[in-house]
Every structure is written in structure tokens, then in C-alpha cells.
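Structure assessment
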Amino acid sequence: GTLNPIHYPPRFNLNPNPNPNLMSTSRFNPSLNPDPIPLLSVTPLPPFSRCTVPRLKRSVVGCLPVLYWLPRYSIWDYGMPDLISGISVGIMHLPQGMAYALLASLPPVFGLYTSLYPALVYFFFGTSRHISIGTFAVLSIMVGSVTERLAPDRNFLVMLNGTNLTEVNITARDSYRVQVAAATTVLGGLIQVVLGLVKFGFVGTYLSEPLVRAYTTAAAAHAVVAVIAQLFGLSTTRFSGPLSLVYTLVEVCSKLPQTHLPTLAVSGVSMVFLIAAKEINSAISARLPVPIPVELITIVAATVISSYTHLNGNYTISVVGEIPSGLPDASLFKEVMGDAFALAIVGYAISISLGKTFALKHGYKVDSNQELVALGLSNAVGGFFQCYAVCSSMSRSLIQESTGGKTQMAGMASAVIVLVTVLKLGPLFQELPKAVLAAIVFVNLKGMFKQYYDIITLWRSSKVDLVVWLVTWVSTLLFNLDMGLGASITFAVLTVIFRTQLPKYSVLGHVPGTELYLDMETHREVPGITIFHSSATVYFANADLYLEALKGKSGLDISKMIIYKRRQEAKQRRRDKRAERRARREAKRQGSKDPDCATLGAVSELQDGDTTTLGSSSEDTLSRELDKVSLGSLGKWTWDIHSIILDLSTANFIDTVAIKTMRNIFHDFGEIDVTVYMAGCQMSVVEQLELGGFFSESITKGRLFATVHDAVLHFFMGVPVLSRTALAIEITL
């Protein structure tokens, strides 16, 4: 038997008033609509033009999440944990903010500004309760590449009075760099806000975990090279563009004989103290309510020692110095567009991945689109207050979570700590040696360098992810951070395309006693049926490969068979014409005889003669060769294969090229009397097939089955089988 055409209805029940009498007697699920719905019919949705108070409230709360959780905030339950956590994170903000400002080639105090204003903005708009917004090494080094490129030292050389010597006007240089960093930050923030408003929060998913970890690892190498001159007290040129890391290393190595020994001594002592104190802190952290603020102790001690011993005046050790001022310059937007976009994407990817990790652990939800808006506003508003690009910091976020932080109120408490420091203690840090800040950066990058262990892990688990990791790392090291990110994303996307272009094709066999069909190498073949499976969806990039694989797996060389069949049909037509001409001549000669009988006799005689001479005629050499190819060298092909089932359960879409390929498969195999069926098609795929004009009188929906097992049962039972897809459709109708 044959199946009746299956009509696929819309996916949703649009009839709000089903017939209860009909439903009570129906054999189908009474919760579904039994009334038939025309294919692809559209029912007008209720108008949404009316503004109601609940809807307005939901919209406002969605834009300002603080209005949702702050009225429910319990001081007794959350107040003290948030306060302790905020103080702990605020203490970390101080040294990290000033240290990471060096990576951005900005005066260290601007790192404190960056730790203050964006955190206040995120308090109102953010949805994550545990991430700490502020400075981060990767974004700092990305900002530094922009400021060094647009404001190099050579642009600020001035002549010394009465001499031919030149020196860098540090005040003018730093002031312009602040404007460049602020402009880049504002533009990056605006990009994030726009992406969030258009619901583009999924953009971060294109940065896979191996890619992000390799990118941050390579960025850590850039950070080390950026601060190594500060550790040795050298004055070097910071290069930008491809191979900038190599050029900087070469220059640093060439100037090592000029190392400033007092600066090197300060760096060495600071690093030894930081490493030792951090190891002790880790060893006794289980017995401490809050971690020891090692970095804060270091910068306070270094500032006090520098102030009383006059390290800058007596030993010419570079210190923080005065604080310049300036506002973002909008004319710089066109020069920093690419850098701002890279900052926006990388910052969001780091923040959302960390936020979702904590949300999953503590059982709440993070809105990816709102996070993009919150991070964008933090950057855009912060840029007008002389801040540079921010995102969440893993080290500070872990401290905020481990010390008991419950809500965004912990971020507000940390911002207050930074605010007090900026207002009352800021001038004191002018005597802080920059070498101490460089040592803090160097030591804090230890966690990122541990990510090199990913190479071993990925070697064991996924070679493709390992290649992505290595390509990202190499391209980021050689092409700088912005171009390295673009090259890494491009390569990662190419790996996906490559894997869909070359999927695994297999012929499925039945697992006895089940409805499962797996690779035929380990399971029994279904007699007379070839079940063809692809591990990827069929689309324009692999449609031809799909057809070739189907030919190879089925053992049927369609092209040669069709040529053979058509040649035989042409020969048969020529025989019929010769027979007809002979019959007419015979009829004329006999005259009185019945022409119909003469025609039938001549045709029969001619066909018998042709049949006996087909194998030996010299005119039919090509036919003999094709017959030999069809029966001999085509391997598995036999006339016993009467049906092919295409398992399309892995296809989530199908394009016009694939539809044309499928139509050709149905037609070509039909030429050799092999019927093709489809199994496992999703509703969206069937809709795309229908819109693409795939179905016709020769290819009906009766060739669709919900599962491979339904199709196999149809063949062996010899009667129409109501598949689960057909049943679901009939239930809906």
C-alpha cells in the first residue's frame, strides 16, 4: 500500500475555542485543537498597541533590574555578607586598578577612576550578582595598543632650552592618551548598547571557550612584554601592528645593558614579597574569614618607603606623578572604530561567561542582552569620566563570591572604598614607584599562564579545539590583539564549515529487538533497503558531496545506469520504428491480409531476433561494456535494492541547493526503479521543502516518515504505517 499525503499544519494551536463535544469523543489528545487548520494559515494576533500598567512596569524593570531586587533586599540576610565582600573587593581594586593602567599606557590613577564609575553604573543595570566590574589585564593591554598607536612618544618631543636635545612632554602625551582611551571606551560602550538593544546578546557565543582562553593567554604574554621595561627601568618604544611583540622584545633585549639597577632592585623585592605573601595567603586561606590584601599592603608600604627615602629624587626611580585631565574627543571615533568593536566583543564575552558560571552555581538567571546593555552603559558613561574599557575580573569576582557576596550591593560597597581612596588618599600615591605596579601585574598574570595546560587537556579530548587554541594563540601573538581576534574568529568559523562540509556518511543497520538503527559495520543490514545517514545537515556547501556519498554507500552508479537504460530505450524505439516500417511494407505486399496481424507478427519476429543478437552485435559494444560495469564493478548494486531511506534527523534547515539535490536524488533513483523516502525530518525542514517546491505529484508527502523504523515497517508490513509524525499532525487537525 501507499501512504496518503501528509499535511503539515502550523506548529501552534491558534484556535482558542475548540469544540468540546467533538473533543470528548475524539481518540486524540483532548487538549489539542481538533479543527482542521489550512497549511501555513496565519491568524491575526491580539493588538499590542495598548499600554497597560503591568506591561509598562515589566518594561521598566527589564531596563532597570535594580528596581526588581532592591525593594526585596534584606539588610539582615544580605547586608553584612555584602559589606564584607565589598570591602574585600574594593581593597583589590586599588592595586589592580593602578597596575593595569600601566598596561593601558595611562597614568595609574586613571585605573582608580575605572574601578569607580563603571561599577556604579553596573549596580543599576546589571543582572549578575557576583561579577566585579572594573579593570582587566586583557582589555587594558588592548587599550594600550590604541593609545600607543595614536599617541606615540615621538609626537610629543620638545626642545630643551638652549640645547639641541629633545625630551618627551609627558604631561601633553598623557593628556592626549587619556582622550584616546576615553574615546575608544565610549565608542565601544555605544556599540555594546546598540547590540544589546537589538537583542544581539548571542554574539558572545561565537567566541568558544578554547578561543577565549587562548586569546587571554596570548594577551598575558603581551602584558608581560608591556611591563618588562618598567621592571628593568628601561625606556622603550611600544610598537603596534603585526609582529609588535617581536619588535618590542628585540628592543628590550638590546637595551638590557642599560638596566636601571635601583628600579630592578625595587621590582625584585616587590615580586619576591608578592609571591611569598600570596603562597602564604593560599596556604592559610581556609582559616581566614577574608583573604589578606597582599597587593594593597605592597603599594602602601612602597608608597611610604618612597616618600620618606625620596626614591624619585635620589635614585631617579619613576613614580606615578601628577594626574592630568581631559575629556573624550569625538573626532577620534573614526580612528578607533575597529579597536572599539574588538573591545566591545571581548569584554562582553568575558563578562557573560563569568556571569553565567556564577548564575548556574547559585540558581538565578543572567539576561545576556541586558548584560550587554549594562556593560555598554558602564563603558559609555565611564568614558566621560576619564575611564577606559572595563569588564568583569575573574580574580575579583571569585573573591566577591567566596567572601559571601549575595547581590550587586557588594559592588556598590567596593566602589565606595575606591571613592574614598580617590578623594582622600589619591595624592599620596604620587610617590608610588611604577616598578611596584609592574611587579603586581607580572605576579597576577600567573593564573593566565596556567592556561597553557589546556594544550594537554585538549590533546586528549578534541584535536579540533586544540588547533583552534594554537591558531588563536599564535595569531594573537603575531598579529596583535585586534587583528589576532579577527583571525581567530575566522578560523574557528572555518573549522565549523569544514566539519559540516566533510561529515561522516554511513549506512545504518537494525539493532535486533529495538527500534534503533546504527552503523551497519556493527549491526544487521535491512534486506532490500539502504538506510543512508549523514552526521551533518545538508546545505549548499556539502550537497554535491552528499550525493556522491549516497552513490558510493548504496553501490549504485546512477549515471552509468541511467545512460545504459536510456541507450536501451533508444534502441527499443529504433526497433519499434523498423518493425513498423516492415509491417507497412508487408501489408502493401500482401494487400488482402489483415494489416494488424502482419504488424504484430513482424514486431514479434523482429523483437525475438534482436533479443538473440543483442549480445553479439558489433553495434552494441558500448551496451555490453555498460552492462558489464553495472553488474560487475558496481560492487553492492543489485536489483534487490528496491528502496533507499534518507535519515535527515540531523538536518535543522535545508536551502534551495539542497532541495534541488534531493529532487535529483528522487528522480535519478526513480529512473532505475529504486524508491527514495525521507525519515526524521523536523517540521521546519518540511516547511522549507514545501516553500521550495519540492513536493509534486511524483514526490508526495507520503514519502515522509517520522522515524527510520516507521519507514522500515511500512515496507515489510506492506500496508500504510501511521508514523508518529502523521499521528501528531492528525491529532492537531
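It should be noted that the structure appears before, not after, this text.
Residue indices follow the written sequence of each chain, beginning from 1 at its first position. The predicted origin of the model limits local features to residues at a pLDDT of at least 70 and limits the giving and counting of side-chain atom pairs to 80 or more, whereas totals for whole chains, interfaces and linings rest on all residues. Hydrogens and water molecules were not included; the side-chain quantities draw on all heavy atoms of the structure.

Brief notes about the overall build of the protein
Summing up its helical and strand segments, the protein has 28 helices and ten strands in all. For every residue, the accessible area (1.4 Å probe, protein chains only) is compared with the maximum for its type, and the residue is labelled buried under 20%, exposed over 50%, or partly exposed between those bounds. A burial count over the protein gives 48% of its 733 residues as buried. Residue contacts are counted whenever heavy atoms from the two residues lie within 4.5 Å of one another. The contacts in the protein between residues at least 6 apart in sequence include a share of 80% that link residues at least 24 apart. Accessible area for the protein stands at about 36,900 Å²; split by element, carbon and sulfur atoms hold 63% of it. Elements are defined by DSSP. Helices are runs of H or I of four residues or more, strands are runs of E of two residues or more, and each kind is numbered from the N terminus. Computed with the Shrake-Rupley method and a 1.4 Å probe, the accessible areas treat only the protein chains shown as cover for residues.

A few points about the nonpolar core
Within the largest apolar cluster, 100 residues are counted, with the highest numbers of intra-cluster contacts made by Met142, Ile299 and Leu437. In terms of residue count, helix H13 (residues 337-362) provides more of this core than any other element does, 13 residues in total. The residues touching Met142, leaving out its near neighbours within four places in the chain, are Tyr215, Ala342, Leu343, Val346 and Leu481. Core analysis: the second largest hydrophobic core is formed by 35 residues, Leu547, Met561, Ile672 and Met678 among them. Nine residue types can take part in a nonpolar core, namely buried Ala, Val, Leu, Ile, Met, Phe, Trp, Tyr and Cys, and a core is a set of them joined through side-chain atoms within 4.5 Å.

Structural notes on the packing of aromatic side chains
Two numbers describe a pair of aromatic rings. These are the distance of the centres and the angle of the planes. In this analysis, rings of Phe, Tyr and Trp, with Trp reduced to its six-membered ring, are considered paired at centre separations within 6.5 Å, and the interplanar angle assigns stacked below 30 degrees, edge-to-face beyond 60, and tilted for intermediate values. Tallied over the entire structure, the rule returns 19 aromatic pairs. For the pair Tyr505 and Tyr546, a centre-to-centre distance of 6.0 Å together with 70° between the ring planes defines the contact as edge-to-face. Linking Tyr505 in strand E5 (residues 505-510) with Tyr546 in helix H21 (residues 543-554), this pair joins segments that are 41 residues apart in sequence. Each member of the pair Tyr505 and Tyr546 is classed as buried. Comment: the charge-over-ring label is applied if NZ (Lys) or CZ (Arg) is within 6 Å of the ring centre and within 35 degrees of the ring normal. Positioned above the aromatic ring of Tyr364 is the side chain of Arg129, whose terminal nitrogen or guanidinium carbon lies 4.3 Å from the ring centre. The ring of Trp459 has Lys463 sitting right over it, with the charged end atom 4.6 Å from the ring centre.

Some points on the side chain of His260
Relative to the helices and strands, His260 is located in the loop between helix H9 (244-254) and helix H10 (261-283). Here a polar contact is recorded for every N or O atom pair within 3.5 Å, except that within protein the pair must consist of a potential hydrogen donor and a potential acceptor, and residues adjacent in sequence are included only if both atoms are side-chain atoms. There is a polar contact of 3.1 Å between the side chain of His260 and the backbone oxygen of Tyr315. A distance of 3.0 Å separates polar atoms of two side chains, one belonging to His260 and the other to Thr316. Residues within four places of His260 in sequence aside, it is in contact with Phe232, Gly233, Tyr315, Thr316 and Ile317.

Points about the environment of Glu525
Along the chain, Glu525 turns up in the loop between strand E6 (517-519) and strand E7 (529-534). Judged by relative accessible area, which is 39%, Glu525 ranks as partly exposed.

Topic: the environment of Leu70
Examined against the element boundaries, Leu70 turns out to sit in the loop between helix H3 (66-69) and helix H4 (75-103). Exposure remark for Leu70: the relative accessible area of 35% places this residue in the partly exposed category. A sequence separation of 337 residues divides Leu70 from Thr407, and the C-alpha atoms of the two residues are 9.3 Å apart.

So, the packing of H13 against helix H15 (residues 394-402)
Contact geometry of H13 with H15 gives a least axis separation of 11 Å together with a crossing angle of 20°. With respect to their mutual orientation, H13 and H15 come out roughly parallel. Considering how the two elements wind past one another, H13 and H15 form a crossing that is right-handed. Contact residues: H13 offers Leu354, Phe358, Lys361 and His362, while H15 offers Met394, Ser397, Leu398 and Glu401. Each residue gets one label: Ala, Val, Leu, Ile, Met, Phe, Trp, Tyr, Cys and Pro are nonpolar, Asp, Glu, Lys and Arg are charged, and the others, such as Gly, are polar. In terms of residue class, the contact of H13 with H15 is made up of four nonpolar, two polar and two charged. Here an angle of 0 to 180 degrees is reported between the N-to-C directions of two axes, which are lines fitted to C-alpha atoms, with helices fitted over the stretch in contact. By definition in this entry, angles of less than 35 degrees are roughly parallel, angles greater than 145 are roughly antiparallel, angles of 65 to 115 are roughly perpendicular, and the rest are oblique. A crossing counts as left-handed when the near helix is turned anticlockwise from the far one by less than a right angle, and as right-handed when that turn is clockwise.

Some details on the sheet that holds strand E8 (residues 643-647)
Strands are labelled as partners when DSSP assigns at least two bridges between them. Taken together, six strands build an open sheet; the order of strands is E6-E5-E7-E8-E9-E10 and the sheet is mixed. Whereas interior strands pair on both sides, the edge strands pair on one side only; in this sheet they are E6 and strand E10 (704-705). Judged from the five bridges that link them, E7 and E8 form a sheet pairing that is parallel. If you follow Ile531 over to E8, its bridge partner there is Ile645. Relative to the sheet, helix H25 (residues 656-671) contacts E8 and strand E9 (675-679), its axis offset from that of E9 by approximately 145°.

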